[in-house]
Structures are given as C-alpha cells and as structure tokens.
Amino acid sequence: AAVAQARMALIEADNALAAASDALAVQVGLPTGGAIQPASSVGDALSLDIDLAAATQAAIDGNPGLASLRLGVEDAEASLGFYRHAMLPTLSLDGSVGAVGFSDEDGYSAALSQVTAVDQPTASIGGTFSVPLGMRVERGNLRAAAAGVTGAEMQLRSAEDALAQQVGGLVRELETARQRIQLAELNLRLAEETLSAEKSLQEAGRAIQKDVLAAQRERDAAQVSVLQARTNYRKALVQLEAAQGKL
C-alpha cells in the first residue's frame, strides 16, 4: 500500500510540474509541452532592513497606476480651469494697417503705384467687450468639472491608501518569509542529522530499512519546505518591486 501511495504521489507531482511548466511557458511566450528548467537556484534570503515609510513612499512615487491617476487629476483640473474662464467677461481687440491709392486722371496704374509706395497709409483699431448672461449651461459645466476634480482626487487618495496597505503587507510578508526560511533550514539540518543517525543504527543492526526510509522522507520533505520558503520570499520581493514600479 505504501508503494502504491508513493507511486500515486509521484504521478501527481509530475502532473503538477507539467501544468506549472505550461502555465509559465504561456506567460513568457514559449511553446507549451516542454519542461522549463530554472536558470539559477532560488538562493538565500537577503538580509534586508526595509524601512516601511521609505518603501511606501517609493511605491507612491513610482507606481505606474498612481501616475495614470495623477494625470487624470491634472486633466480634470485643466477642464475646471477652462470652464471657469468661460464664465468671465472677454475683451477682444482687432487692428489693421494698409494703404490706399486713387487717381482721377491717370487711372488704375497710378492708383496701384500709390498703394505699393504706401503714399497714403491707413490704420484702424477696434475692440469687442462681451459679458456672458444667464450662463446656465456654463454653470452646469463648471459644477460638473468641479465634481470631476473631486472624484479624481478621491480615486487617487483611495489608490494611494490601498497601495500603502499592500506595501505594508508585503514588507511584513518578507520578514515572515525570512523567518520561515531560517526555521525550515533548521528543520532540514535536524532531518539530515536524524537520517545520518538512522543509517548508523542500521549499520549496527539496531534499525531496520523502514526507519531509514522514514527518516529519508522527512529529510526530503524538509528540503521541499526550504525551497518553498525561499520561493515565497522571492515572490514577495518581486511583488514589492512591482508595486514600486521597478519592474
């Protein structure tokens, strides 16, 4: 029964590996169906002393989602300024300069010569002052633009609060993952010592093969726990860098 369970667990592990490999291949644009091997080991956890306030500010400054929302606020403020100006009186000035020519005796050519020579220059200036009346449409547009600014600012603040909360969770997760790595590595050392002791007892005739296999399974499980803890640490670190706009 134990052998059958072990074979079933091996089949399930192979299926899970194939599914994860295919999912990763789709994400990076590679053909599915092949085994993807990591280019490097997971590695040890970095000794990071992360300042929460600095990490949060870096995320707020560099997050692309927040940058887009800030542009939305600026656009809403520009619209508000436009509709405010639309309610103000306007004064427009018009001016022109030119030259005239006329001749009763010499005809068209003489008049044209006077124009080109600017013998008789002319100038005029005028202005138009207008004041909006009623302005029901303008007031409605102004109120809508003001509401748009308020809404954009609220959306930005909400996103900043959510990002700050996310960064705080990731920083805590990094610290927790680092501690889990330390505990998993300690458990692995103990499992390796237990396996070595069981092998020595077997050689002395004081333990059977079943005890050695059980200790070996514990050692293998401890190795998996170490790799999983290191992977979780790296995932949290990547998520933090993504939130800060560094990826």
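(A) Examining a nonpolar patch on the surface more closely. Where nonpolar side chains cluster on the molecular surface, the patch consists of Leu 91, Leu 93, Phe 129, Val 131 and Leu 133 and spans about 610 Å² of accessible area. Looking at where Phe 129 falls in the secondary structure, it is placed in strand β2 (residues 120–130). Using a relative accessible area of 57% as the deciding quantity, one classes Phe 129 as exposed.

(B) Just the packing of aromatic side chains, in detail. In this structure the tally under the stated criterion is 1 aromatic pair. Each ring, one from Phe 82 and one from Tyr 83, has its centre 5.2 Å from the other, and the planes form 75°; the classification is edge-to-face. Residue Phe 82 is classed as exposed on the basis of its relative accessible area of 56%.

(C) Highlighting the packing of helix α2 (residues 52–62) against helix α5 (residues 136–203). Where α2 meets α5, the closest approach of the two axes is 9 Å, and the angle between their N-to-C directions is 135°. Taken together, the axis directions place α2 and α5 in an arrangement best described as oblique. Judged by the sense of rotation from one axis to the other, the crossing of α2 with α5 is right-handed. Residues Leu 52, Ala 55, Thr 56, Ala 59 and Ile 60 of α2 pack against Glu 160, Leu 163, Ala 164, Val 167, Gly 168 and Val 171 of α5. Within the contact of α2 with α5, the residues separate by chemical class into 8 nonpolar, 2 polar and 1 charged.

(D) The arrangement of the side chain of Asn 63 in detail. When you line up the elements, Asn 63 lands in the loop between α2 and α3 (64–86). For Asn 63, the side chain forms a polar contact with the main-chain nitrogen of Leu 66, separated by 3.1 Å. Setting aside its immediate chain neighbours within four residues, Asn 63 contacts Leu 163, Ala 242, Ala 243, Gln 244 and Gly 245.

(E) How the structure looks around the environment of Ser 96. With respect to the element layout, Ser 96 can be found in strand β1 (residues 90–100). Linking Ser 96 and Ile 125, residues 29 residues apart in sequence, is a C-alpha distance of 6.4 Å. Excluding anything up to four places from it in sequence, Ser 96 contacts Thr 122, Ala 123 and Ser 124. In terms of polar contacts, Ser 96 uses its side chain to reach the side chain of Ser 124, at 2.6 Å.

(F) Geometry of α3. For α3, built from 23 residues, the straight-helix expectation of 33 Å at 1.5 Å per residue is met to within 8% by its first-to-last C-alpha distance of 33 Å. Turning to α3, its buried residues number three or more, namely Leu 66, Val 73, Ala 76 and Leu 80. The inward-facing, buried residues of α3 contact α2 and α5. Regarding α3, its N-cap is Asn 63, as a side-chain oxygen of that residue lies 2.9 Å from the backbone nitrogen of Gly 65 further along.

(G) Inspection of the nonpolar core at higher detail. Counting 24 residues, the largest nonpolar core has Leu 66, Leu 163, Val 167, Leu 174, Tyr 233 and Leu 240 as the members making the most contacts within it. Those elements giving two or more residues to this core turn out to be α2, α3, α5 and α6 (209–243). The residues contacting Leu 240, other than those within four sequence positions of it, are Ile 50, Val 167, Leu 170 and Leu 174. Within the second largest apolar cluster, 5 residues are counted, among which are Ala 184, Leu 188, Ala 191 and Ala 222.

Conventions and cut-offs
Residue positions are given per chain, counted from 1 along the sequence in the order it is written. The predicted nature of this model means local features are confined to residues of pLDDT at least 70 and side-chain atom pairs, given and counted, to a pLDDT of 80 or more, with totals for whole chains, interfaces and linings taken over all residues. Side-chain calculation: all heavy atoms of the structure are included, whereas hydrogens and water are not. Patches in this entry comprise residues that are over 30% relatively accessible and not in a salt bridge; like charges within 9 Å are linked, as are nonpolar side chains (Val, Leu, Ile, Met, Phe, Trp, Tyr) within 5 Å. Per-residue and other accessible areas follow the Shrake-Rupley method at a 1.4 Å probe size, with only the shown protein chains counted as cover for residues. Any Lys or Arg side-chain nitrogen found within 4 Å of a carboxyl oxygen on Asp or Glu counts as a salt bridge. In this description a helix means any DSSP run of H or I spanning at least four residues, a strand means any run of E spanning at least two, and both kinds are numbered starting from the N terminus. Burial here depends on accessible area, computed with a 1.4 Å probe over protein chains only, as a share of the maximum for the residue type. Under 20% is buried, over 50% is exposed, and the range in between is partly exposed. By convention, a stacked pair of Phe, Tyr or Trp rings (six-membered ring in the case of Trp) has centres within 6.5 Å and planes under 30 degrees apart, an edge-to-face pair has planes over 60 apart, and any other such pair is tilted. Axis definition: a line fit to C-alpha positions, over the contact stretch in the case of helices; interaxial angles, taken between N-to-C directions, run 0 to 180 degrees. When describing relative orientation, an angle under 35 degrees is termed roughly parallel and one over 145 degrees roughly antiparallel, while 65 to 115 degrees is termed roughly perpendicular and anything else oblique. Should the near helix be turned anticlockwise from the far one by less than a right angle, the crossing is termed left-handed; should it be turned clockwise, right-handed. Whether two residues touch is decided by their heavy atoms; if any such pair falls within 4.5 Å, the residues are in contact. When residues are sorted by character, Ala, Val, Leu, Ile, Met, Phe, Trp, Tyr, Cys and Pro go into the nonpolar class, Asp, Glu, Lys and Arg into the charged class, and all the rest, Gly among them, into the polar class. As used in this structure description, the phrase polar contact means that two N or O atoms lie within 3.5 Å; if the pair is within protein, one of them must be able to donate a hydrogen and the other to accept it, and residues adjacent in sequence are counted only when both atoms belong to side chains. Here the expected length of a helix is defined as 1.5 Å per residue gap, with one fewer gap than residues. Think of a nonpolar core as a cluster: buried Ala, Val, Leu, Ile, Met, Phe, Trp, Tyr and Cys residues, connected wherever their side-chain atoms sit within 4.5 Å.

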